[in-house]
Amino acid sequence: MFFSKYQRVISLILTLCLVFFLPGCGKSPQPENPSAASANRTFDRFTENYFHEQLLGSGLNLHFLLEDTSDYSDAQMTLGEYSYESMQEIQPFYIDKIKELKKIDYNALDSKRQLTYDVLMSSFQNELDYSDLCLLSEDLSPTLGIQSQLPVLLSEYDFISKEDVENYLKLLGSVEHYFKGICEFQKLKAEKNCFISSAVCDAIIAQCRDFLNGSQLESNLLYTSFQNKLGHCEKISDSEAQSFLEKNKALLLDHVFPAYTLLIDTLSALRENGACKNENGLAHLENGKEYYEYLVRSETGCSLTIPEIKAMIQSQVVLDIKQLYSLYTISPELESEISENRTDMNPDKMLADLKEKSKKDFSEIPNLQYTLKTVDQQLQDYLSPAFYISPPLDHLEQNVIYVNPKKTTDDLYTTLAHEGIPGHLYQNAYFASTNPDKIRYLTGCGGYSEGWAVYAEIQSYSYLYDDQNLAAAQGCNMSYSLALYSLCDIGVNYEGWSYDDLKSFLSNYNITDDSACRSMFQAVIEDPANYLKYYVGYLEIMKIKKSVMEKTGAEFNLKRFHNAFLSIGPTDFDVVEKWIMDFYKKTGA
């Protein structure tokens, strides 16, 4: 919801602005067509108003998008409203937005605005089905749920000024109300027989208890992080700091801890009363398949049907297996070496190594800044091995990558490629360098962003290993693994597989370990379509890359393709396909 596995002004900005806005060299500027000027102004007003209204309802989103919030004094310093009624209002809201957009003359807009128009229209249309299916939506899950993300986000809430501290405390005061809305929604889901499974329910309850840690205030993340941040805020006097410390303590005890306790009590009561009626995927719920179709389309940005997506994945599995066997034939030792992915570098050195070695394939971004942090011990059991938090739009240098020492394995190098360079951090930095309309930061697409991160991760094997056959084998193996997870996701949530069905399917690929199969089954139940977001996004990028290669032939340039793709920015893949050649022709290597 708030960050990606995971979510800088540079010299390229001048070049790209010249591409988009200036005429050819040696020609005098031409006056803007009056109808074009009017359409551009109307469109700018639309995007500005939409951006403003989207930030008014959530103080947390506002803070993470903008450091300077002086233009948003009317914003609600709360987490927003969580209710079934507000979800149902989404459809008429987007219908109105679509109508507004259609009143604007698309053909009169300049190319940059046409792209933004396409992105917005696609985004709005994707959400039209949501309100009819929102009862099946779920913002609670052990890894990606709001209850696991919120402590990290609040601990990352920077204190630059006294107003930041005051706004943060207002947000803390709203946590209980927000969680009450979540609990009421969970009760409604139970009443309509679409409550979470017992295993997911138990995991969330255990996670909330770990966060509370017996309500030991002094060891809680939101107590210790507040102290640390306050100590580094130079604009606050000692007396003000002491007052803020007392307020934070009171809000944690009176609102935040009770919110997590309420969630524990609500979920426990519902579980005890038999609400966990479905221990399988979405396909077993009323409208479950329809919701899954919406979810896949929304999460992946791919317009193919589920059967078409499944066929695409199956085709790639065959290709990966063929390539692996071919590599094993050439180098038989690879079969034993493929499970090894070791490096003695620490995370800082890994990122430095990635930055240097990726220069041959990706344009360098000067002065790219980031901070590496460690996930708090209280959250290590539940959060991902690593994740990236994107910076506010007015301070694009404030990139943060978290590493979870309890979840990291020997593949930390490639994981940091996914989160950092040339993955999420690089993608966000490059896109920001093109000076996009700020509304583009509110219309992201998981398939685009996570697909790129997988693409970057697979590419990074060639930087990790001197033996390029081993690098290719590792890349195939990763693609193959994600494909199996994705096929299981479809099988469980769309085709209605039971655990035995999933285990039978995996046995065809020599995966028979019960704990591994059970873990995969739970993963796709906890977060439906999550693996497709990564893998289908990756396959769509590879498909677009192949198309550009075919159209450009021997003139194809890999850096130029990467620059073109990242200049378009996060959106559905139909939009990327429409614009990719236009950007490839305009964007340099």
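For every chain, the first residue of its written sequence is number 1, and the numbers climb from 1 along that sequence. Selection of residues for local features in this predicted model requires a pLDDT of at least 70, selection of side-chain atom pairs for listing and counting requires 80 or more, and totals for whole chains, interfaces and linings are taken over all residues. Water and hydrogen atoms play no part in the side-chain values, which are based on all heavy atoms of the structure.

### A short note on the overall build of the protein chain
When you go through the protein chain residue by residue, the secondary structure sums to 25 helices and 3 strands. Against the compact-globule benchmark of 25 Å for 589 residues, the protein chain has a radius of gyration of 24 Å, which places it among compact chains. With the principal axes as the frame, the protein chain shows a C-alpha extent of 65 × 65 × 50 Å. Looking at the protein chain as a whole, 54% of its 589 residues qualify as buried. Computed with the Shrake-Rupley method and a 1.4 Å probe, the accessible areas treat only the protein chains shown as cover for residues. In the form shown here, the protein chain has an accessible surface area of approximately 25,500 Å², with 48% of it arising from carbon and sulfur atoms. Looking at charge distribution, the protein chain has the averaged site of its 51 positive side-chain charges lying 5 Å from that of its 83 negative ones. Only DSSP runs of H or I covering at least 4 residues are called helices, and only runs of E covering at least 2 are called strands; the numbering of each starts at the N terminus. Radius of gyration: over C-alpha atoms. The globule rule applied is 2.2 Å multiplied by the number of residues raised to the 0.38 power. Type-normalised accessible area, obtained with a 1.4 Å probe on protein chains alone, sets the label of each residue: buried when under 20%, exposed when over 50%, and partly exposed for intermediate values. His is not counted, nor are the chain ends, whereas Lys and Arg count as positive and Asp and Glu as negative. Note on charges: their place is set at NZ of Lys, CZ of Arg, CG of Asp or CD of Glu.

### Digging into helix α9 (residues 162-191)
A rise of 1.5 Å per residue sets the reference length of α9, with its 30 residues, at 44 Å; its end C-alpha atoms lie 45 Å apart and thus fit the reference within 8%. Considering bend angle alone, the principal kink of α9 is centred on S174 and spans about 35 degrees. Immediately beyond the C-terminal end of α9, within one or two residues, lies N193, with a positive phi of roughly 60 degrees. Expected span, for any helix, means 1.5 Å times one less than how many residues it has. The angle separating two fitted axes, one through the seven residues that finish at a residue and one through the seven that start at it, defines the bend at that residue.

### Quick look at helix α16 (residues 347-357)
The set of residues buried in α16 consists of M350, L351, D353 and L354. Seen from one end, α16 has its buried residues packed into an arc of 160 degrees, which puts them on one side. Residue contacts follow a heavy-atom distance rule, with two residues in contact if any of their heavy atoms lie within 4.5 Å. Close packing links the buried residues of α16 with β1 (371-374), β3 (400-403), α17 (412-419) and α19 (446-464). We call two N or O atoms a polar contact when they sit within 3.5 Å, provided that within protein one can donate a hydrogen and the other can accept it, with sequence-adjacent residues counted only if both atoms are side-chain atoms. For α16, the N-terminal cap is N346; the gap from its side-chain oxygen to the backbone nitrogen of D348 is 3.1 Å. Working definition: the arc comes from the directions between the helix axis and the C-beta atoms, pointing outward to the latter.

### So, unusual backbone geometry
Going from I421 to P422, the amide bond is cis rather than trans, its omega being 10 degrees. Notably, N287 is not glycine yet its phi reads approximately 65 degrees, a positive angle. By secondary structure assignment, the location of N287 is in the loop between α12 (238-272) and α13 (288-300). Look at N287 and you get partly exposed, because its relative accessible area is 38%. For N367, which is not glycine, the phi torsion reads 60 degrees and is therefore positive. Note that N367 resides in the loop between α16 and β1. The class of N367 is exposed, set by a relative accessible area of 66%.

### Examining the packing of aromatic side chains
The geometry of an aromatic ring pair comes down to the distance between the two centres and the angle between the two planes. Classification of ring pairs uses Phe, Tyr and Trp, with its six-membered ring standing for Trp, and accepts pairs whose centres are within 6.5 Å; under 30 degrees between planes counts as stacked, over 60 as edge-to-face, and the remaining range as tilted. According to the stated counting rule, one finds 42 aromatic pairs in the structure shown. Among the aromatic residues, ring-to-ring pairing joins F362, Y426, Y430, Y448, W452, Y455, F556, F561, F565 and Y584 into one connected group. Positioned over the ring face of F159 is K229, at 4.5 Å from the centre of the ring. Any Lys NZ or Arg CZ found within 6 Å of a ring centre and within 35 degrees of that ring's normal is scored as a charge over the ring. The side chain of R560 reaches across the aromatic face of Y584, ending 4.9 Å from its centre.

### What to know about the environment of G444
Turning to its location among the elements, G444 is positioned in the loop between α18 (424-433) and α19. Classification of G444 by relative accessible area gives exposed; the value is 60%. Measuring from C-alpha to C-alpha, the distance between G444 and T571 comes to 6.0 Å, with 127 residues separating the pair along the chain.

### Considering the sheet that holds β1
In space, the 3 strands of this open sheet follow the order β1-β3-β2, with mixed pairing throughout. Pairing within the sheet leaves two strands with one partner each, and these edge strands are β1 and β2 (386-389). Geometrically, the sheet is characterised by an average inter-axis angle of 25 degrees between neighbouring strands, direction not taken into account. Note: two strands are recorded as paired if DSSP finds a minimum of 2 bridges between them. With 4 bridges joining them, β2 and β3 adopt antiparallel strand pairing. Bridge pairing links A386 to V403 in β3. Note on geometry: axes are lines fitted to C-alpha atoms, helical ones only across the stretch in contact, with angles between N-to-C directions running from 0 to 180 degrees.

### Describing the packing of helix α23 (residues 530-552) against helix α25 (residues 573-586)
Describing two packed helices takes the angle between their axes plus the distance from one axis to the other. Remark: α23 packs on α25, axes separated minimally by 11 Å, with the N-to-C direction vectors making an angle of 35 degrees. Crossing handedness for the pair α23 and α25: right-handed. The segment α23 lies against α25, with G537, E540, I541, K543, I544, V548, K551 and T552 engaging F573, V576, E577, I580, M581 and Y584. Each residue is assigned to one of three groups, with Ala, Val, Leu, Ile, Met, Phe, Trp, Tyr, Cys and Pro labelled nonpolar, Asp, Glu, Lys and Arg labelled charged, and all others, Gly among them, labelled polar. Split into classes, the residues belonging to the contact of α23 with α25 amount to 8 nonpolar, 2 polar and 4 charged. Each crossing is labelled by how the near helix is turned from the far one, with a counterclockwise turn of less than a right angle marking it left-handed and a clockwise turn marking it right-handed.

### Here's the deal with the confidence of the model for the protein chain
Scored by pLDDT, the protein chain comes out at a mean of 90, with 93% of its residues at no less than 70. pLDDT gives the predictor's per-residue confidence on a scale running from 0 to 100. Overall, residues 1-31 carries pLDDT values under 50, and its contacts beyond four positions in sequence, including any with other chains, amount to 66 contacts.

### Some words on the pairing of β3
Burial along β3 is two-sided: the residues V400 and Y402 and I401 and V403 are all buried. Pairing of β1 with β3 involves 4 bridges; the strand directions are parallel. Considered in β3, the bridge of L372 is made with I401.

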